[in-house]
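These are the residues of each chain, in order.
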Amino acid sequence: MYDLSGAPLKAAVYNKALGAAGGFIYRVGYPASEIAVVRKQYPVDGYKVPALAAAQVMTDGLVACPAFDSSQEMAKNAVTYEYEQADLNAPSIVAGPISFPYRAGHFSELQYIFDLSSITIKGTPALTSAQKQMGSEMRAYWANFARTGDPNGKGLPRWQDVGGKTGLVEQFRPEGTRSITSFGKEHQCGFWAGLTRQ
């Protein structure tokens, strides 16, 4: 949010960014009283630039862990599949350059599933052959799921459901799709589960 407005986040206003992140999504965010705890868990000096620290807070606390928690709850009553788009070199198709890499940003997976050329910024790098292959796999999984309720199909790595396997997430990467059990740890979901939410 800082970079896109033309002013990269500075360490001096990291607390302000954490406050904005905490109030961003009702029932997923955290109150101002938790900012010091979040700052200690995600110290600004632990990242190459302050914006990466703030981006990790938003990724883990507002997107990854709430989705992970929801999947675990849904798996108690229904077959549930969860995925993570983990292409750290995914092109940013709708936002211009910023002071740090977007990596596998929210929304970036959609370019692997849909033709978004009508909204893609001119000059965006084309997908590599490995990224195109990943997109082909993702489209096949999505089509199978839409058709049968099960993403699995001929020629695809087995996507296991969440149920019975604590923390099992399918991770899509250009290097190859794989099932991981480290999602909750990688995104510090135990920390976020202990925070007061607003």
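Residues numbered from 1 in each chain as written. Predicted model: local features only at pLDDT ≥ 70, side-chain atom pairs only at ≥ 80, totals over all residues. Heavy atoms only, no water.

Attention shifts here to the pattern of salt bridges. Opposite charge on two side chains lets them pair, provided their charged atoms get close. As enumerated under the stated definition, the model contains two salt bridges in all. Of the charged contacts, one joins Arg 173 and Glu 175 as a salt bridge, the two residues approaching to 3.4 Å between their closest N and O atoms. Here Glu 175 falls in the exposed class, since its relative accessible area comes to 61%. (Salt bridge = Lys/Arg side-chain N within 4 Å of Asp/Glu carboxyl O. Buried < 20%, exposed > 50% of the residue type's maximum accessible area, 1.4 Å probe, protein only.)

Our next topic: the confidence of the model for the protein. A low pLDDT score tells you not to read the predicted coordinates there in detail. Mean pLDDT for the protein: 90, with 96% of residues reaching 70 or above. Highest mean pLDDT in the protein belongs to helix α5 (residues 129–148) (97); lowest belongs to helix α1 (residues 14–22) (91). (pLDDT = per-residue confidence, 0-100. Helix = DSSP H or I, 4+ residues; strand = E, 2+ residues; numbered from the N terminus.)

The three strands are arranged β1-β2-β3 in an open sheet whose pairing can be described as mixed. Whereas interior strands pair on both sides, the edge strands pair on one side only; in this sheet they are β1 (83–85) and β3 (178–180). Recorded for the sheet is a direction-independent mean angle of 35° between the axes of neighbouring strands. Taken together, the three bridges between strand β2 (residues 169–172) and β3 define a ladder with antiparallel strand orientation. Each residue of the ladder has a partner; that of Glu 170, found in β3, is Ser 179. This element, α5, spans β1 and β2 of the sheet and lies at about 145° to β2. (Pairing = 2+ DSSP bridges. Axes fitted to C-alpha atoms, helices over the stretch in contact; angles between N-to-C directions. Contact = heavy atoms within 4.5 Å.)

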